[in-house]
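Survey of secondary and tertiary structure
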Amino acid sequence: MRILLINPNTSVNITDRLMASASAATSADTELVPVTAHRGVPYIASRIEAAIASNVVMELLAEHSDGIDGAIIAAFGDPGLGAARELMDYPVVGLAETGMLTACMVGKRFSIVSFSRALAPWYRETVEWHQLVDRLASIRMPDTDFSNINDVQTEMRTTLVALAQSAVTEDQADVIVFGGAPLSGLVKEVINDIPVPVIDCAAAAVMQLETLIRLKLRRPIAGTFRRPPAKPSTGLTPELARRIGHQDR
């Protein structure tokens with residue numbers, strides 16, 4: 001199977017981290033096809049940045065879908081996930097959704113630990129969108145800022161471990177979810193420092209998506225994510241315009 005791994009951030013370094021983490025979890029017959037956002041911001045940390053990223057994700061899905069069996073929106077806030085499910089004929093998953101649902105399989109309540117306080121409002125809204133608030137123990141973010149997104153794992157490792165430990169002891173979290181594409185791969189470095197399971201969302205995403213692809217579920221013609229009726233459009237990329245107009249079939 002071929003899986004499209006879309007990094008909605010513009011940082012190629014983050015794409016490399018995602019690929020390394022996801023590749024370690026793929027089955028032998030799975031090929032990952034990485035794509036990095038061609039416009040936007042180096043890392044998404046607000047609603048406006050997520051809105052921009054959602055549009056970019058739609059363009060990349062439409063442009064790169066030939067021969068693809070499923071796609072991962074590889075940013076923790078899952079920008080554009082609902083729209084992507086309306087647009088595409090194959091399964092699409094997001095980092096937050098797969099990370100949190102995997103956490104729910106191994107514990108009653110999970111905590112999200114990430115690297116910037118600015119992310120907290122968007123992440124909470126993401127939990128609400130996925131209707132998992134009752135399973136959320138806490139969202140833990142550092143009080144200090146980082147200096148370089150490409151080095152955030154090294155720079156904030158001690159802080160992130162301390163936040164995870166506090167989530168366990170003070171918030172009664174059964175599972176920790178590392179939120180944010182820049183934290184992909186960190187789990188293997190700190191697994192022995194945190195006394196509960198820790199979810200690497202990139203790894204969870206590819207494994208969950210492989211399962212969905214193998215299930216061969218039908219495309220919905222009713223329900224929340226059915227494909228909208230065809231419409232003409234103005235100013236969209238040619239590939240996205242064809243898909244919106246149902247000219248892709």
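Residues numbered from 1 in each chain as written. Predicted model: local features only at pLDDT ≥ 70, side-chain atom pairs only at ≥ 80, totals over all residues. Heavy atoms only, no water.

As for the overall build of the chain
A count of helical and extended segments in the chain gives nine helices and eight strands. A compact globule built from 249 residues should have a C-alpha radius of gyration of about 18 Å, and the chain, at 18 Å, falls within 12% of that. By its C-alpha atoms, the chain is 55 × 35 × 35 Å across when sized along the principal axes. For the chain, the residues scored as buried account for 54% of the 249 residues in total. When the accessible surface of the chain is split by element, carbon and sulfur atoms take 52% of a total near 11,400 Å². (Helix = DSSP H or I, 4+ residues; strand = E, 2+ residues; numbered from the N terminus. Rg over C-alpha atoms; globule rule 2.2 N^0.38 Å. Buried < 20%, exposed > 50% of the residue type's maximum accessible area, 1.4 Å probe, protein only. Areas by Shrake-Rupley, 256 points an atom, 1.4 Å probe, with all protein chains shown as cover.)

So, helix α8 (residues 201-215)
The terminal C-alpha atoms of α8, which comprises 15 residues, lie 21 Å apart, in line with the 21 Å expected from a rise of 1.5 Å per residue. Taken residue by residue, α8 has C201, A202, A203, A204, A205, V206, L209, E210 and I213 as its buried positions. The opening residue of α8, the one whose side-chain oxygen lies 3.1 Å from the backbone nitrogen of A202, is D200. Taken from the residues just after α8, K216 is the one with a positive phi, measuring 55°. (Expected span 1.5 Å × (residues − 1). Polar contact = N/O pair within 3.5 Å; in protein donor to acceptor, adjacent residues only side chain to side chain.)

Side note on the side chain of S114
Mapped onto the elements of the fold, S114 is located in the loop between β5 (110-113) and α5 (120-129). We classify S114 as buried; its relative accessible area is 0%. A distance of 2.5 Å separates a polar side-chain atom of S114 from the backbone oxygen of G179. With residues up to four places along the chain from it excluded, the contact list for S114 reads L119, Y123, R140, M141, P142, L160, L163, G179, G180 and L183. (Contact = heavy atoms within 4.5 Å.)

Considerations on the sheet that holds strand β8 (residues 198-200)
The strands making up a sheet associate through backbone hydrogen bonding, with each pair oriented either parallel or antiparallel. Ordered in space as β6-β5-β7-β8, the four strands form an open sheet in which the pairing is parallel. The two strands at the open ends of the sheet, each matched to only one other strand, are β6 (136-140) and β8. Taken over all neighbouring pairs, the strand axes of this sheet differ in orientation by 25° on average, direction set aside. With four bridges joining them, β5 and strand β7 (residues 175-178) adopt parallel strand pairing. By the bridge assignment, F110 is partnered in β7 with V175. Packed on one face of the sheet, α5 meets β5 and β6 and runs near 160° to β6. Contacts from α8 reach β7 and β8 within the one sheet, and its direction differs from that of β8 by about 65°. (Pairing = 2+ DSSP bridges. Axes fitted to C-alpha atoms, helices over the stretch in contact; angles between N-to-C directions.)

Here's the deal with the pattern of salt bridges
Taken as a whole, this structure holds 12 salt bridges when the rule is applied. Across the salt bridge formed by R214 and D29, the nearest N and O atoms sit 3.1 Å from each other. A residue pair is termed long-range when its members are at least 10 positions apart, and R214 in helix α8 and D29 in the loop between α1 (12-23) and β2 (31-36) qualify at 185 residues. Residue R214 is classed as partly exposed on the basis of its relative accessible area of 42%. Owing to a relative accessible area of 46%, D29 belongs among the partly exposed residues under this scheme. Measuring nitrogen to oxygen at the nearest pair gives 3.0 Å for the salt bridge that ties R140 to E170. (Salt bridge = Lys/Arg side-chain N within 4 Å of Asp/Glu carboxyl O.)

Describing α5
Each α-helix turn comprises 3.6 residues. Residues three or four places apart therefore point the same way. Of all the positions in α5, only W122, Y123, T126 and V127 are classed as buried. Down the axis, α5 shows its buried residues gathered within 145° of arc, on one side only. As for α5, its buried residues are in contact with α2 (47-63), α4 (95-106), β5 and β6. Q131 sits one or two residues past α5 and shows a positive phi near 60°. (Arc of directions from axis to C-beta.)

A look at the sheet that holds strand β4 (residues 92-94)
Strand order in the open sheet formed by four strands is β2-β1-β3-β4, and the pairing between neighbours is parallel. Looking along the sheet, the strands with just one partner apiece sit at the ends: β2 and β4. When strand polarity is set aside, the average angle formed by the axes of neighbouring strands in this sheet is 20°. Two elements, strand β3 (residues 70-73) and β4, share three bridges in a ladder whose sense is parallel. Across the sheet, A71 pairs through a bridge with V92, a residue of β4. In this fold α4 packs onto β3 and β4, with an angle of close to 75° to the strand it touches most, β4. The strands touched by α8 within the sheet are β1 (2-7), β2, β3 and β4, with β3 carrying the most contacts at an inclination of about 155°.

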